[in-house]
Amino acid sequence: MTAPYAPTTERPPYRAALVVTLLVLAGYALSLAPTVTFWDAGELIATMKILGIPHPPGTPLFVMIGHVWGALLPFVGEFAARTNLLSATCSALSAGAFFLVAHECLGPATAGLEAGAARLLRIGGGAAAAIAAAFTFTNWQNSNETEVYAVAQLLIALVCWLCLVWRRRRAEPAAARVLLLVVYLLGLAVANHLLALLVGPAVIVFLAATLHAAPAADARVRRREWAQAAVVAGTWALLIGTGLGSGTLTLLGGLCFLAAAAFAATAGALAFALTALAVAAVGVTPYLFLYIRAGQHPIVNEAQPDTWPALLDVIRRAQYPVRTPLDDPTVPHGPDNPGRTLTIFWLQLQNYLLYFDWQWAKGLGLRLATPAGELWARTLVTIAFLWLGIRGALAQRRADRPAWWLLLTLFLVTGLGLVVYMNFKPGASQGYDLYPSPADHEVRERDYFFVVSFVVWGLWAGMGLADAGRALLARPGGAGRDGARRALAGAVLAAGLVPLALNWRAATRRQTPAASLPADVAWNLLQTVPPYGILITYGDNDTFPLWWAQEVAGIRRDVTVLCLALGNTDWYMRQLRDQPVRDFDEAAAPAVWRGLHPAKPTWPLHTMRDEEIQQAMYLQRLPRDIAVPVGPLQARLPAGTVLGPNDILTLRVLQQNAGRRPVVWSVTAGRNFAGLDGHVVQQALGYRLETTPIDTTSPRYDLRRLAGAPLDVPLTVRLAWETYRYGELPGADLSRLETTDASFAATLSLPFTQLAYAYQTRGEPQQMARNLERATELSTNPALRAALDEMRRQALGAPPDTSPNRAVPR
């Protein structure tokens, strides 16, 4: 066992940390998303711009930081590019802080080496650790788009570094102030994302390990230090209860803090305890922003926390279904839930291992020709980093046991600890043999929840490289070979760049044909709707980019977006009713919608009173067939139909607006047309409600109903060919697009496929071939691309292609 850590007066290498930060930032900036991305980014960017309220728990700190950041950098592209850069900057700063952590931890491991060799291993090893961790796949993906995880990771990295600063300065009065700064950062974590609070157990274990391994000589000092550590632990427990909005956990946390404060009073540290409580409370105060701003009714005001009960509901995430670590996650929480099984847990562990495998060489598959080659090459790299991480962790354990406990606890809590606590459904890409229904799987890969554990492993891998370099430098040999050994050790340390090199193609959001796809989808969906229309969408990916488009880019603010997923909440129903209609900007509109001179609606979207909205919050099964009047139409609903809150909302909106405002369902919203299926016409990416009879003899319509409704051919041509945007997709290799991007690219190909069939019916082979070519360019399914390409060839009079390679995608 090595001797306890000895405090050093050596100044930390802050300049080297700055260099590492800038190098990492350069890598992130070169791969930065140029605009909005899918999932939560559109919502977050929009709320940053207008100081709105995103989905629970509201992330007020992130919203306010992003608003100020975007205002201070008007020269950095559009607003979304600026907020993307905010994530990159925060992650780069965390890499600099983790460099300092690794450098400090490598100090005891290099003791006894010649000064130049020791400096090489500490600076080079710290850089290798920080860079390997920074460019792990998931961390990289989090860092080049607008997401809360970069700020959370920065808080974690700063807390880890402050722990080591506290250890350096234990003998100074400033040590207590360092711990108070740690407490403040933990309080800030509550107002950003609870991921950062998971560093708390690591802090507590580190403090205890340090005080146990190197107790102060004076008994009174020892007691005061233990009391301060207890106060930090009690404050963290109180913050956990507060951050989760749990009365029970808050009470337990409060009791823990009171016990720690009582102990501190006996040790002469009561002032520290009271100050820690005040500092933590100040850290949490950004939540007051939600309460104040929600009362001002911004356009995006999720859960509307303008009352204390509503604010508490946001903090405790009451909007989402309950799931405990004991539940079977594929079954709703309640007395009938059979409980978590070993099968589920094994699938969850497999998912974590899959995500771990992604971290080191995710981009390798984009370079190799065969799936087998991808699997074996990536597995070899993963095994190498697995070995390096183990070597680095063991080397750190030998050299600096308390710091090892710091990283080990952080790794376990943010890795296997989250596997146990989060209790996710089987992953989006695994377990279909046991759970074939998509409803039993997560809607997306959840690797981002475990990002900190991957970063810690990257740090250990860098330390493993430093340990390998130390072994080279420690070999006996003549003085003339010192330079060669140092060069070889430097080459070993350079292996920390492997994740940067092998993840680039998979992690970049700029050098990809889908770089502008979310923005293009937002533009296309909004432009599908006539002036002052109502657009019905489904969920995150066909709604949040639209919020960015309207609130940040100023695109088609006259369109009212009705999101069916949010339509199951009472606050959203009220907001839709009270939301004003904004002006149609004809000058900025595409040609297809100019010259119509529409009248601005003066009536509310619906007229449901608050009492009716509350009554609509329950599922209702129809006991008999009913016909609901919808303007001049009748919506026919058969007996047994189950109406959810969003169904009732949709019907009331249709009743209020059919024949008065255009109503369009996005193709992404499914084909539930509220019993009005016979009155719907497709126009490119939307289904338009018609209140007058559809003339099925008109050449305007193609009646094949490939997507469930007649196709308005002329309007679809104008939208698909003249109005919509496709970025770099046409002509690019789409075979390696990420799942969400691939799905939306395929959606954009749908109107062209339908137009091709329409022109086939009309005997226009040239137009058929033209549309098939564009459909082929946008399709990500190799078999479908091959089939469409063959149809195009035959439409142009070419003989059938019978070659064995015809199904290979272009």
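It should be emphasised that the depicted structure is a prediction, and the values quoted were computed from it without experimental measurement.

Draft legend 1. Focus on the overall build of the chain. A count of helices and strands for the chain gives 30 helices and eleven strands. Over its C-alpha trace the chain gives a radius of gyration of 30 Å, about what one expects of a compact globule, namely 28 Å for 810 residues. Accessible area of the chain: about 33100 Å², with a carbon and sulfur share of 62%. Mean positive and mean negative side-chain charge positions of the chain (68 and 58 charges, respectively) differ by 8 Å.

Draft legend 2. Structural view of the pattern of salt bridges. According to the stated counting rule, one finds 28 salt bridges in the structure shown. The shortest N-O distance in the salt bridge between R398 and D467 comes to 3.7 Å. Of the two residues, R398 is situated in helix α16 (residues 371-399) and D467 in helix α19 (residues 451-473); the sequence distance between them amounts to 69 residues. Here R398 falls in the partly exposed class, since its relative accessible area comes to 47%.

Draft legend 3. Structural context of a nonpolar patch on the surface. Together, L249, L251, L252, L255 and L258 give the surface a local cluster of nonpolar side chains, amounting to about 480 Å² of exposed area. In this structure, L255 sits in helix α11 (residues 247-266).

Draft legend 4. Inspection of the side chain of D542 at higher detail. Mapped onto the secondary structure, D542 falls in the loop between β1 (534-537) and α23 (544-551). Among buried charged residues, D542 stands out as having no salt bridge; its nearest opposite-charge side chain is R671, 13 Å away. A polar contact of 3.4 Å, which involves the side chain of D542, links it to the side chain of T543.

Draft legend 5. Layout of the environment of W69. Tracing the sequence through the fold places W69 in helix α3 (residues 60-72). Excluding its chain neighbours within four sequence positions, the residues that come into contact with W69 are R82, L85, L86 and T89.

Draft legend 6. Quick look at the environment of P714. For P714, the location among the structural elements is in helix α27 (residues 713-723). With 41 residues separating them in the primary sequence, P714 and L755 have C-alpha atoms 9.6 Å apart.

Draft legend 7. Quick peek at helix α24 (residues 570-578). The complete set of buried residues in α24 reads W571, Y572, M573, Q575, L576 and R577. Against β2 (560-563), α25 (610-615) and α26 (645-657) lie the buried residues of α24.

Draft legend 8. Spatial organisation of α19. Between its first and last C-alpha, α19 extends 33 Å over 23 residues, near the 33 Å set by a 1.5 Å rise per residue. Among the 23 residues in α19, 21 count as buried, and that is most of the element.

Draft legend 9. Quick peek at the packing of helix α13 (residues 287-294) against helix α14 (residues 308-315). Two numbers describe how α13 lies on α14: the axes approach to 10 Å, and their chain directions differ by 130°. Considering the angle they form, α13 stands oblique to α14. Classified by chirality, the crossing of α14 by α13 is right-handed. For the pair α13 and α14, contact is made by Y287, L288, L290 and Y291 and by W308, L311, V314 and I315, respectively. When its residues are assigned to classes, the contact of α13 with α14 shows eight nonpolar, no polar and no charged.

Draft legend 10. Expanded view of unusual backbone geometry. Look at the link from P56 to P57: it is a cis peptide, with omega at 10°. As for its position among the elements, P57 is in the loop between α2 (41-50) and α3. You will see that N423, though not glycine, has its phi angle at about 50°, which is positive. Assignment of secondary structure puts N423 in the loop between α18 (416-422) and α19.

Draft legend 11. Representation of the nonpolar core in the model. By size, the foremost hydrophobic cluster in this structure holds 244 residues, and its most contacted members are V24, F450, W460, W548, W665 and L689. With sequence-adjacent residues up to four places away left out, W460 is seen in contact with L388, G389, G392, A393, Q396, W404, L407, L408 and F411. Counting nine residues, the second largest nonpolar core, distinct from the first, contains L711, V717, A756 and M768.

Draft legend 12. Molecular detail of the pairing of β2. Side chains of β2 alternate between two faces, with T560 and L562 and V561 and C563 buried alike. In the sheet, β1 pairs with β2 via four bridges, with the strands oriented parallel. Bridge pairing links I536 to L562 in β2.

Draft legend 13. Main features of the environment of D585. Positionally, D585 belongs in the loop between α24 and α25. By relative accessible area, which is 46% here, D585 ends up partly exposed. It is 16 Å that separates the C-alpha atoms of D585 and N524, two residues lying 61 residues apart in sequence.

Draft legend 14. Main features of the pairing of strand β8 (residues 680-683). Judged by which residues are buried, β8 turns out to be covered on both faces: V680 and Q682 on one side and V681 and Q683 on the other are all buried. Sheet topology note: the β8/strand β9 (residues 686-689) ladder contains four bridges and is antiparallel. Within the sheet, the bridge partner assigned to Q683 lies in β9 and is G686. Once β8 ends, the chain turns through two residues before running back antiparallel as β9, passing A684 with a positive phi of about 60°.

Draft legend 15. Highlighting the packing of aromatic side chains. Summed over all chains, the structure comprises 31 aromatic pairs. Measuring from centroid to centroid gives 5.4 Å for F411 and W457, while their planes differ by 45°, and the two rings are tilted. Remark: W457 occurs in helix α19 and F411 occurs in helix α17 (residues 401-414); sequence separation between them is 46 residues. For the pair formed by F411 and W457, the shared burial category is buried. Between Y726 and F752, the aromatic rings sit 5.7 Å apart at their centres with planes inclined by 55°, giving tilted as the arrangement. Note that Y726 is positioned in the loop between α27 and α28 (739-761) and F752 in helix α28, a separation of 26 residues in sequence. With relative accessibility at 8%, the residue Y726 sits in the buried group. Exposure remark for F752: the relative accessible area of 0% places this residue in the buried category. One cation-aromatic arrangement involves R397 over W404; the distance from NZ or CZ to the ring centre is 5.1 Å. Over the ring of W523 we find R725; its NZ or CZ atom is 3.5 Å from the centre of that ring.

Draft legend 16. Structural detail: the state of the cysteines. On inspection of all chains with the given rule, the structure shows zero disulfides. The closest cysteine sulfur to the non-disulfide-bonded C256 is located on C163, 19 Å from its own sulfur.

Draft legend 17. Summary view of the confidence of the model for the chain. Residues of the chain with pLDDT of at least 70 account for 93%, and the chain-wide mean is 91. In this model, residues 804-810 is a region of pLDDT below 50 whose contacts with residues beyond four sequence positions or in other chains number ten contacts.

Draft legend 18. Layout of the packing of helix α5 (residues 115-134) against α19. Across the interface, α5 lies against α19 with an axial gap of 7 Å and an inter-helix angle of 155°. Compared by their axis directions, α5 and α19 come out roughly antiparallel. Every pair of crossing elements has a handedness; the one defined by α5 and α19 is right-handed. Contacts between α5 and α19 pair A117, L121, G125, A128, A129, A130, A132 and A133 from the former with V455, G458, L459, G462, M463, L465, A466, G469, R470 and L473 from the latter. Among the residues forming the contact of α5 with α19, the class breakdown is 13 nonpolar, four polar and one charged.

Draft legend 19. Up close: the side chain of R82. Tracing the backbone through its elements, the reader meets R82 in helix α4 (residues 79-109). One buried charge, R82, has no salt-bridge partner; the nearest side chain with opposite charge is E78, at 7.7 Å. Discounting chain neighbours no more than four positions away, the residues touching R82 are W69, G70, L73, P74, V76 and G77.

Reading the values: the criteria
- Residues numbered from 1 in each chain as written.
- Predicted model: local features only at pLDDT ≥ 70, side-chain atom pairs only at ≥ 80, totals over all residues.
- Heavy atoms only, no water.
- Helix = DSSP H or I, 4+ residues; strand = E, 2+ residues; numbered from the N terminus.
- Rg over C-alpha atoms; globule rule 2.2 N^0.38 Å.
- Areas by Shrake-Rupley, 256 points an atom, 1.4 Å probe, with all protein chains shown as cover.
- Lys, Arg positive; Asp, Glu negative; His and termini not counted.
- Charge placed at Lys NZ, Arg CZ, Asp CG, Glu CD.
- Salt bridge = Lys/Arg side-chain N within 4 Å of Asp/Glu carboxyl O.
- Buried < 20%, exposed > 50% of the residue type's maximum accessible area, 1.4 Å probe, protein only.
- Patch = residues over 30% accessible without salt bridge, like charges linked within 9 Å, V, L, I, M, F, W, Y side chains within 5 Å.
- Polar contact = N/O pair within 3.5 Å; in protein donor to acceptor, adjacent residues only side chain to side chain.
- Contact = heavy atoms within 4.5 Å.
- Expected span 1.5 Å × (residues − 1).
- Axes fitted to C-alpha atoms, helices over the stretch in contact; angles between N-to-C directions.
- Parallel < 35°, antiparallel > 145°, perpendicular 65-115°, else oblique.
- Left-handed = near helix turned anticlockwise from the far one by under 90°.
- Nonpolar A, V, L, I, M, F, W, Y, C, P; charged D, E, K, R; others polar.
- Core = buried A, V, L, I, M, F, W, Y, C linked by side-chain atoms within 4.5 Å.
- Pairing = 2+ DSSP bridges.
- Phe/Tyr/Trp six-rings, centres within 6.5 Å; stacked < 30°, edge-to-face > 60°.
- Lys NZ or Arg CZ within 6 Å of the ring centre and 35° of its normal.
- Disulfide = S-S within 2.5 Å.
- pLDDT = per-residue confidence, 0-100.

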